[in-house]
Amino acid sequence: MKSFVEPSREIPVRNEVDVLVVGGGPSGIMAAYAAAKDKNLKVMLIESRGYLGGNLTIGLPILAFLGPKGNQVIKGEAQKFIDRLRARGCASEHKRCANHMSLTIINSEEAKNVAFEMMEEAGVEVLMYVFNSAAIVENGKVEGVIIETKEGRQAIMAKTVIDCTGDGDVAFQAGVECHKGDKDGGMQPPTLMYNMRNVKMQELRDAIVDRHDEFDMDVMPPEQFKEGMFITVGLRNQIKKAQADGLDIPVSRTILITGLAEDEIWVNMTRVSGTDSTDPASYTRGEITAHKQMKDVTAYLKKYVPGFEDAYVDKVAPFMGIRESRVIVGKYVLTAEDVLSMKKFDDVICVAGYPVDIHHSTGGDCTMLFTKDAYDIPYRVLVPEKIEGLLVAGRCSSMNHEAMAGTRVMSTCMALGEAAGVAARIALEDGVLPSAVDVKKVQAALIENGAYLG
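First, a word on scope: everything that follows refers to the structure included in this document. No experiment lies behind these values; they were computed from the predicted model shown.

Time to look at the pattern of salt bridges. All told, the structure shown has 27 salt bridges when counted by the stated rule. E143 is paired through a salt bridge with K141; the nearest N and O atoms lie 3.7 Å apart. Taking relative accessible area as the criterion, K141 reaches 18% and is therefore assigned buried. A single salt-bridge network, built from bridges that share partners, covers R88, E110 and E117.

See the structure below:
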């Protein structure tokens, strides 16, 4: 590849803040709100898109507010976010699910509004349509980031930066050790969600309940589908029939999610193996391929799945949901053994209940490993091993491939974001780096706000 030497130039400093949160997805919203909640600090949130919410806005349900035993394990600010939506009729209850512990259906458009309102309420300065392109690092400490905007290249200086990009962008730019995927580099493939309307829901329910052996639902009992919201994970036989008839279906299981409207289904069945969201060419190919996959998936549903005969595609998510990309190496790397043994940690800042759910990097199938109870996530997974002044929250926190397959769901990411925001605030108030914060104070603040730590 040819190179170009960019001439040296001065970059204007757009802003100087106490806490800068990069990325306005589920973890970023919580981090910014928690850091700014008492309005003692100047907090800024930057986002590349023209709205906040990230994966909250693409039609996904929020999984695992409840743990394997049915008790609620994700509370605190994440639950208050749901309460705000529920007060507007824009979120469901947490319904137990044998496969996903629980599901919570939300109105993705209203989630954007709630996020904006929370930022305004807490006094967070929001700046959208910007990309962070470099981390500013001096003497081993992150001092801010370089952003690219239509006004050009600018700097935002910050006493503490929280990376909520999902891809670990700031950490990577700062020189934090990062990894992708399994031992061979294989990453869980992304999905482009889309919505179908005019689904005859009772026909679908009856088929699953009355012909349960034919419409196999993996571990989910037929009673789960008789009323209320649900997720289907199964119908493998139907997919095999469609594939034998020439349809190109990229997954082994039919994953359908009820919406808030009675005739509404969100389809989670596009799957583009080999997509790397940190590589724009790969990401572009993935988006184009996923849109093409929708044609055969929709044809499959209309012909082989009861209730879809007259259904139509109503809307498509604005971007693919990324399951996996970079994760950092932090003070502690959470492992599958930690998850499956339900390990307890003295520095717990989140209790999670979602199983290890690995969508295979090739082949379209999935492996799920369940636990009997919830498990702890320690504060140290938010703290890079070497670089100071930086916290990393969300699916890019310090976890190996298998552990991240359990902690990547939005409820857990929201709890990790809240913990990062609280830790950043307390560290600044006490005049210490985030790596040296008194975790007992962080835990006390989280519990005071309603979080569950076991």
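Turning our eyes to something else, we now look at the packing of aromatic side chains. According to the stated counting rule, one finds 3 aromatic pairs in the structure shown. Taking the centre distance of 5.4 Å and the plane angle of 70° together, the rings of F225 and F230 count as edge-to-face. Each member of the pair F225 and F230 is classed as buried. Pairing Y332 with F345 gives two aromatic rings, centres 5.2 Å apart and planes at 70°, and the pair type is edge-to-face.

Right, let's talk about the nonpolar core for a bit. Residues F81, M269, Y300, L301, F308 and L382 are the most contacted members of the largest nonpolar core, which totals 135 residues. Broken down by element, the residue count for this core peaks at 11 residues, all from helix 10 (residues 410–430). Apart from residues lying up to four places away in sequence, L301 is in contact with Y194, M196, T254, L256, V267, M269 and F308. By size, the runner-up hydrophobic cluster in this structure holds 23 residues, among which are V17, L127, V130 and L390.

To continue, consider the pairing of strand 1 (residues 13–22). Counting buried positions along strand 1 gives 7 out of 10 residues, so the element sits mostly inside the fold. Across 8 bridges, the pairing between strand 1 and strand 9 (residues 152–163) is parallel. Within strand 9, the residue paired with V21 across the bridge is I162. As paired elements, strand 1 and strand 2 (residues 43–47) share 4 bridges and run parallel to each other. By the bridge assignment for strand 2, L20 is matched with M44. As for the winding sense of the linkage, the β-α-β connection from strand 1 through helix 1 (residues 26–36) to strand 2 is right-handed.

The rules behind these values
- Chains are numbered independently. Their residues run from 1 in the order of the written sequence.
- Residue-level local features of this predicted model are given only where pLDDT is at least 70; pairs of side-chain atoms are given and counted only at 80 or more, and the full residue set underlies all totals for whole chains, interfaces and linings.
- Only hydrogens and water are set aside; all other atoms, that is, all heavy atoms of the structure, feed into the side-chain values.
- Here, a salt bridge means any Lys or Arg side-chain nitrogen found within 4 Å of an Asp or Glu carboxyl oxygen.
- Partly exposed residues are those whose accessible area sits between 20% and 50% of the maximum for their type, while under 20% is buried and over 50% is exposed, using a 1.4 Å probe and protein chains only.
- Centres within 6.5 Å make a pair out of two Phe, Tyr or Trp rings, where for Trp the six-membered ring is used; the pair is then stacked when the planes are under 30 degrees apart, edge-to-face when over 60, and tilted otherwise.
- Think of a nonpolar core as a cluster: buried Ala, Val, Leu, Ile, Met, Phe, Trp, Tyr and Cys residues, connected wherever their side-chain atoms sit within 4.5 Å.
- The helix and strand labels rest on DSSP assignments: H or I over at least four residues marks a helix, E over at least two residues marks a strand, and numbering proceeds from the N terminus.
- We call two residues in contact when some of their heavy atoms are within 4.5 Å.
- For two strands to pair, DSSP has to find at least two bridges joining them.
- A right-handed crossover is one whose linking path, passing over the helix from the first strand to the second, runs clockwise when the strands point away from the viewer.

Bear in mind that shape data such as this cannot, by itself, settle questions of function.
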